[in-house]
Amino acid sequence: MSLSERYSRQELFEGIGKEGQQKLSSSTVLIVGCGALGSLQIETLARAGVGKLKIVDRDFVEASNLQRQVMYDEQDATLQLPKAIAAAERVKKINSSIEIEPFVTDLSYKNVETLAESVDLVLDATDNFETRYLINDTCVKHFKPWIYGAAVASQGLSMTIIPEKTPCLRCVFETAPPPGSSPTCDTSGVIFPIIAMVVALQTTEAIKLLLGRTDLLHQKLVQIDPWQTSFTKLNLAGLRERTDCRCCKQKRFDYLEPEQKQLSSTLCGRNSVQISPAEHTKLSLAELADRLKSIGEVSFNRFLLRFKTTNCEMTIFPDARTIIHNTKDENLARSLYARYVGV
Ligand SMILES: [Zn+2]
């Protein structure tokens with residue numbers, strides 16, 4: 001089968017053409033998050049022929065993802081594969097001519113600047129403000145464009161940030177909403193159409209940026225709700241000039257500062273807490289499984305270990321990052337971590 005016609009319809013589109021296709025082929029994009037938004041961003045850019053995709057995700061595939069996360073199937077959920085790995089495998093079947101590099105990790109101040117170093121732009125597919133501020137700090141510091149996107153229930157938001165030219169995320173949202181104060185996909189649910197709409201906006205902006213057509217960017221905070229059939233564009237012109245933004249004006253990159261804590265814990269959506277060690281470590285999951293098998297149920301592959309007793313359930317990764325399930329109590333989670341993984 002010849003694949004020479006692969007991009008013919010896209011090249012026919014006057015906004016792209018053969019020359020634009022060449023530019024896409026020589027571009028690199030970092031996608032942070034391989035959940036609902038990330039899955040569809042990956043699929044769109046892989047099919048469009050963006051030459052290299054770097055994808056980052058800390059989580060693994062679960063059955064509740066399958067309704068909207070287009071990269072994954074039932075087998076991925078059964079095998080509990082890390083999302084970045086499962087997505088990379090699928091991309092190889094969709095477009096073997098591009099390069100895909102998966103990273104199974106938590107984006108943090110320790111790795112974000114390295115991951116973003118050689119890319120042309122960053123696409124946000126995360127589900128939390130902390131990671132978005134981390135992306136914002138990195139991109140403003142290194143003058144990289146990035147595209148914010150968020151979706152919950154039937155509502156979505158998107159904004160394109162070009163450092164020094166447009167307002168940054170902290171110009172618009174100076175601080176994150178307090179934990180538990182905003183709806184999430186785990187509390188309010190989400191429908192697939194809003195994911196598709198937000199990703200359509202983000203990836204179209206991404207393609208314009210990769211082609212150098214900054215004149216075509218929408219320069220707005222776009223709010224969409226297909227359930228209410230509403231589409232609102234908030235004009236951001238002049239906002240950057242009016243604010244004394246800590247990030248893009250004062251150049252204080254708070255989120256890139258090392259954390260003082262030995263272990264950081266964060267609530268992660270569906271009634272679970274994530275514990276991350278500050279120092280880089282490497283665990284042998286086989287040895288840990290051996291230690292834990294007399295205490296409870298253990299199953300593991302080379303990417304993660306699941307452990308379950310009558311009072312707790314956790315998923316442990318080779319870098320010692322651990323998700324404690326069925327609790328929102330960070331202290332309890334730290335204590336369970338200390339008991340079963342060790343500090
Ligand atoms: Zn700013």
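The following paragraphs examine the structure supplied in this document. All chains use their own residue numbering, which begins from 1 and follows the written sequence. Note on the predicted model: pLDDT of at least 70 is required for a residue's local features to be given, and 80 or more for side-chain atom pairs to be given and counted; whole-chain, interface and lining totals, by contrast, use all residues. For side-chain calculations, the full set of non-hydrogen atoms in the structure is used, while hydrogens and water are omitted.

1. Remarks on the side chain of Thr138
Strands are runs of DSSP state E lasting at least two residues, helices are runs of H or I lasting at least four, and both sets are numbered from the N terminus onward. Relative to the helices and strands, Thr138 is located in helix 7 (residues 129-141). Thr138 sits in the buried class, given a relative accessible area of 2%. The buried label goes to any residue with under 20% of its type's maximum accessible area, the exposed label to any with over 50%, and the partly exposed label to all in between, with areas taken from a 1.4 Å probe on protein chains only.

2. Some remarks on the pattern of salt bridges
Working definition: two side chains of opposite charge can pair if their charged atoms are close together. Salt bridges are defined by distance alone: a side-chain nitrogen of Lys or Arg within 4 Å of a carboxyl oxygen of Asp or Glu. The tally for this structure, following the rule as stated, stands at 17 salt bridges. With a shortest N-O distance of 3.0 Å, Asp106 and Arg58 are connected by a salt bridge. A residue pair is termed long-range when its members are at least 10 positions apart, and Asp106 in the loop between strand 3 (99-104) and helix 6 (112-116) and Arg58 in the loop between strand 2 (52-57) and helix 4 (74-79) qualify at 48 residues. For the pair shown, Asp106 and Arg58 are each scored as buried. Put simply, Arg170 and Asp254 hold a salt bridge, and the shortest N to O gap is 3.2 Å. With Arg170 in helix 8 (residues 169-172) and Asp254 in the loop between helix 10 (239-242) and strand 9 (263-267), this residue pair connects regions lying 84 residues apart in the sequence. Residue class for Arg170 comes out buried when judged on its relative accessible area of 10%. Among the residues examined, Asp254 registers a relative accessible area of 28% and is labelled partly exposed. Taken together, the shared-partner salt bridges connect Glu43, Arg47 and Arg90 into one network.

3. Digging into the sheet that holds strand 4 (residues 121-124)
The eight strands lie next to each other as 3-2-1-4-5-6-7-8, forming an open sheet whose pairing is mixed. Two strands close off the open sheet at either side, each with one partner strand: strand 3 and strand 8 (230-235). When strand polarity is set aside, the average angle formed by the axes of neighbouring strands in this sheet is 15 degrees. At least two DSSP bridges between two strands are required for those strands to pair. The pairing of strand 5 (residues 146-152) with strand 6 (residues 155-161) spans seven bridges and is classified as antiparallel. When the sheet's bridge partners are listed, Trp146 is paired in strand 6 with Ile161. The strands touched by helix 3 (residues 36-48) are strand 1 (28-32), strand 2, strand 3, strand 4 and strand 5; relative to strand 1, the strand with the most contacts, the crossing angle is about 165 degrees. Axis angles are defined between N-to-C directions and span 0 to 180 degrees, where every axis is a line fitted to C-alpha atoms and, for a helix, only to the segment in contact. Contact criterion: two residues are considered in contact whenever any of their non-hydrogen atoms come within 4.5 Å of each other.

4. Quick look at the coordination of the zinc ion
Distances decide who is a donor: an N, O or S atom must be within 2.8 Å of the metal, or within 3.2 Å for Na, K and Ca. Water is not included, so sites may look incomplete. Protein-derived ligands of the zinc ion are Cys168 (SG), Cys171 (SG), Cys245 (SG) and Cys248 (SG), with the metal-ligand distances lying across 2.2 to 2.4 Å. Bound by four donor atoms, the zinc ion shows angles of 96 to 123 degrees at the metal and therefore tetrahedral coordination geometry. Each donor residue of the zinc ion lies on the same chain, and together they follow the pattern C-x2-C-x73-C-x2-C. Separated by 74 residues along the polypeptide, Cys171 in helix 8 and Cys245 in the loop between helix 10 and strand 9 bring together distant segments of the chain. A relative accessible area of 10% places Cys171 in the buried class. A four-donor site is classed as tetrahedral when every donor-metal-donor angle falls between 85 and 135 degrees; four donors are called square planar, and six octahedral, when trans pairs exceed 155 degrees and all remaining angles lie between 65 and 115, with any other arrangement labelled irregular.

5. Re the environment of Thr105
For Thr105, the location among the structural elements is in the loop between strand 3 and helix 6. On the basis of relative accessibility, which here comes to 19%, the residue Thr105 falls in the buried class. Contact partners of Thr105, with chain neighbours within four places excluded, come to Val56, Asp57, Arg58, Asn111 and Asp319.

6. Thoughts on the pairing of strand 7 (residues 220-225)
Note: strand 6 against strand 7, three bridges, orientation antiparallel. Looking at strand 7, one finds that Leu157 is bridged to Gln223. Pairing geometry for strand 7 and strand 8, over six bridges, is antiparallel. Bridging across to strand 8, Ile224 finds its partner in Phe231.

7. A look at helix 2 (residues 17-25)
Looking only at helix 2, the buried set comprises Gly17, Gly20, Gln21 and Leu24. The arc enclosing the buried residues of helix 2, seen along the axis, measures out at 105 degrees, which places them on a common side. The outward face of helix 2, more than 90 degrees from its buried face, is lined by the exposed residues Lys18, Glu19 and Gln22. Among the structural elements, helix 1 (8-12), helix 3 and helix 9 (192-210) are those in contact with the buried residues of helix 2. In this description, the arc belongs to the directions extending from the helix axis to the C-beta atoms.

8. Some thoughts on the packing of helix 3 against helix 5 (residues 83-94)
For any two helices packed against each other, the geometry comes down to the angle between their axes and how far apart the axes lie. In contact at an axis separation of 10 Å, helix 3 and helix 5 are set at 30 degrees when each is read in the N-to-C sense. One element, helix 3, and the other, helix 5, form an angle in the roughly parallel class. The hand of the helix 3/helix 5 crossing is right-handed. Where helix 3 abuts helix 5, its residues Ile42, Glu43, Ala46 and Arg47 lie against Ala87, Arg90, Val91 and Ile94. Any angle from 65 to 115 degrees is called roughly perpendicular, while one under 35 is roughly parallel, one over 145 is roughly antiparallel, and all others are oblique. Crossing chirality is assigned from the near helix's rotation relative to the far helix, an anticlockwise turn below a right angle marking it left-handed and a clockwise turn marking it right-handed.

9. Things to note about helix 12 (residues 330-340)
All of the buried residues in helix 12 are Ala333, Leu336, Tyr337 and Tyr340. Buried residues of helix 12, viewed axially, fall in a sector of 105 degrees; they line one side. The exposed set on the far side of helix 12, more than 90 degrees from its buried face, consists of Asn331 and Arg339. A positive phi of about 95 degrees marks Gly342, the residue just after helix 12.

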